[in-house]
Structures are given as C-alpha cells and as structure tokens.
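Secondary and tertiary structure notes
One letter stands for each residue in the lines below.
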Amino acid sequence: MKKLVLLGALALSVLSLPTFADEKPLKIGIEAAYPPFASKAPDGSIVGFDYDIGNALCEEMKVKCVWVEQEFDGLIPALKVRKIDAILSSMSITEDRKKSVDFTNKYYNTPARLVMKAGTQVSDSLAELKGKNIGVQRGSIHERFAREVLAPLGAEIKPYTSQNEIYLDVSAGRLDGTVADATLLDDGFLKTDAGKGFAFVGPAFTDVKYFGDGVGIAVRKGDALKDKINGAIAAIRASGKYKQIQDKYFAFDIYGK
C-alpha cells in the first residue's frame, strides 16, 4: 500500500512539473516615457496601451508579468543578456532589428509624422527642412530615418534620450520640430497644453525600409516564446479583449490593415 502511495505521489509530481515551468514569471522590458503607449501615473505605476496589452497577453498565456523599465536604446541589449524575456515597448519590426532579435506578429501599426509650429509649410520634397533642428529619440527607427533621409536635405538632427525631453525643447523653441509615431505625437503632445500652437506638417512617413511592418514584441533569436505570444495576440483579438483595450486609448483601429 505504501508503495502505491509513493508511486502515486511521484506521478503527481511529474505531472505537475510543466505547470510549475509555465508559472515562471515573464520579464517584459518597457520604456515608460511614451504616452499613450507607456508612461508613469502620479503614483509611479506604469500605465498605457502597451502595458495593458502586455498584461492581457500574460493573462491569456497564464503567466505572471514582471515589468522591467529600461531606456529604449538599452532594451535589445537587455534582452540579449537575459535581463528580460521580451520587449513590449512600441518597437517597430524592421529588417535591421531582425538581425538581432525575433519579432512576433504586429500588435499595432501607425505611420510616422513630423510636428512643427502650426502653419509651417512642408512639401512632399521636405526641402523646407533645410537648416531646421529636428529632435528624435535616440536608438529609434525615427532617428535612423531622420539621419538617412532628413539630414541629407540639410536638417540638423538632434538625438534625445526620451520623447518627453524632445517635447520640452520643441515647446521652448530650442527645436524646430520632431519626427515620431503619429499617435504618440497626437496624444502625448498635440493634445496637451504644451502642444498648443503646434501641428502635423508634411507627409505621413510609411517607408517599410525604416518603419517596418508594424509594431511587434521582440524576443531572443529562436525563442519558442514568439509562437506563444503570437497565439495570445490572435486570442485577445478574437475574444474582443484587444478592442476593449484599444477603445480605452484610441478612437480608431490602431491595429491597421
């Protein structure tokens, strides 16, 4: 009888191993300085679309989310040294980044835009940017775009650690403008008091070479976590959870085509 009990206990122990493995916390890297996608509430907690989507994905996968704050240009290095397991921080899927990390399917897709003083005329040729100081977030796809496309036209490109620092200098007149994600600029700057008197100017930027195929979640090369997250993205879209989160922040379909 004791042998049967012992064998039963061992069987239960073996069966429970995958459950414990599945309960390992998922460490997600995020830069909380990118409203409405991620920012800090007055009490110091993280809020935003990225944060809510991440928590919904973890709930769907039945794992605990542990959020690790990091400056944007340090996220991929942190992933490589296993400080984090995934990056969920409005990171666009680009061919250049694919050399370092794997990406899930997109979880949203918006164009980049240029913001300057309201009334500023900028044509599709962008020739009017010659001599203008344009702020970009260091390490972002917008910095690469600005250096490779705007700088040859005569624009002076100024890199910053965060987009919030750029807003301060645009408002103060130390910068002529900034290029970044359109939704970020609209909600994080143009709709705020600091953004009064500023507006979108020039064309929308959608070149896949710079802006990729939307925004995805980065994981280490070859990590099976990618497939699990892809399944979770599909599941929250099918269940309506994605739309519920989207409607909390945006009045349009941010997922895109």
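Here, the structure is the one placed above.
Keep in mind that what you see is a predicted model, and the values were worked out from it rather than measured. (Residues numbered from 1 in each chain as written. Predicted model: local features only at pLDDT ≥ 70, side-chain atom pairs only at ≥ 80, totals over all residues. Heavy atoms only, no water.)

A few words now on the nonpolar core. Grouped together as the largest cluster of nonpolar side chains are 46 residues, with contacts concentrated most on Phe49, Leu57 and Tyr107. Looking at which element gives the most residues to this core, the answer is helix α2 (residues 49-61), with six residues. Ignoring any residue separated from it by four or fewer positions in sequence, one finds Tyr107 in contact with Phe49, Asp50, Ile53, Leu88, Ser89, Ser90, Val215, Gly216, Ile217, Ile233, Tyr242 and Tyr255. Counting residues in hydrophobic clusters, the runner-up holds 19 residues, among them Ile134, Phe145, Phe205 and Tyr210. (Core = buried A, V, L, I, M, F, W, Y, C linked by side-chain atoms within 4.5 Å. Buried < 20%, exposed > 50% of the residue type's maximum accessible area, 1.4 Å probe, protein only. Helix = DSSP H or I, 4+ residues; strand = E, 2+ residues; numbered from the N terminus. Contact = heavy atoms within 4.5 Å.)

Let us look at the side chain of Thr110. Position of Thr110 among the secondary structure elements: in the loop between β6 (102-103) and β7 (112-117). On the accessibility criterion, Thr110 (15% relative accessible area) is buried. Those residues in contact with Thr110 that lie beyond four places of it in its chain are Asp181, Thr183 and Ile254.

This part takes up the sheet that holds strand β12 (residues 215-219). Read across the sheet, five strands follow the order β4-β1-β5-β12-β6 without closing on themselves; strand pairing throughout is mixed. Where the open sheet ends on each side, the last strands, each with one partner, are β4 (65-69) and β6. Against the sheet, α2 touches β1 (26-30), β4, β5 (86-92) and β12, its axis set at about 150° to β4. Helix α9 (residues 225-239) contacts β1, β5, β6 and β12 of the sheet and is inclined by roughly 150° relative to β12. (Pairing = 2+ DSSP bridges. Axes fitted to C-alpha atoms, helices over the stretch in contact; angles between N-to-C directions.)

Let us look at the pattern of salt bridges. Considering all chains together, one arrives at 13 salt bridges under this definition. The salt bridge involving Asp96 is made with Lys99; its shortest N-O contact spans 3.9 Å. Note on Lys99: relative accessible area 65%, which makes it exposed. Of the charged contacts, one joins Asp187 and Lys191 as a salt bridge, the two residues approaching to 3.3 Å between their closest N and O atoms. (Salt bridge = Lys/Arg side-chain N within 4 Å of Asp/Glu carboxyl O.)

Moving on, we come to the pairing of β7. Looking down a regular strand, the side chains alternate between one sheet face and the other. Burial within β7 is extensive, with five of its six residues counted as buried. Direction of pairing for β7 relative to strand β10 (residues 177-181): antiparallel, over a ladder of five bridges. Bridge pairing links Val115 to Thr178 in β10.

Right, let's get into the state of the cysteines. A covalent bond between the sulfur atoms of two cysteines is referred to as a disulfide. Enumeration over the complete set of coordinates arrives at one disulfide. Here Cys58 connects covalently by a disulfide to Cys65, the sulfurs 2.0 Å from one another. Residues Cys58 and Cys65 are joined by a disulfide whose S-S torsion is about 90°; by sign, that bridge is right-handed. (Disulfide = S-S within 2.5 Å.)

For the rest of this paragraph, the subject is helix α10 (residues 241-249). All buried positions along α10 are accounted for by Tyr242, Ile245, Gln246 and Tyr249. Projected onto a plane normal to the axis of α10, the buried residues spread over an arc of 100° and lie on a single side. In α10, the exposed positions angled more than 90 degrees off the buried face are occupied by Lys243, Gln244 and Lys248. (Arc of directions from axis to C-beta.)

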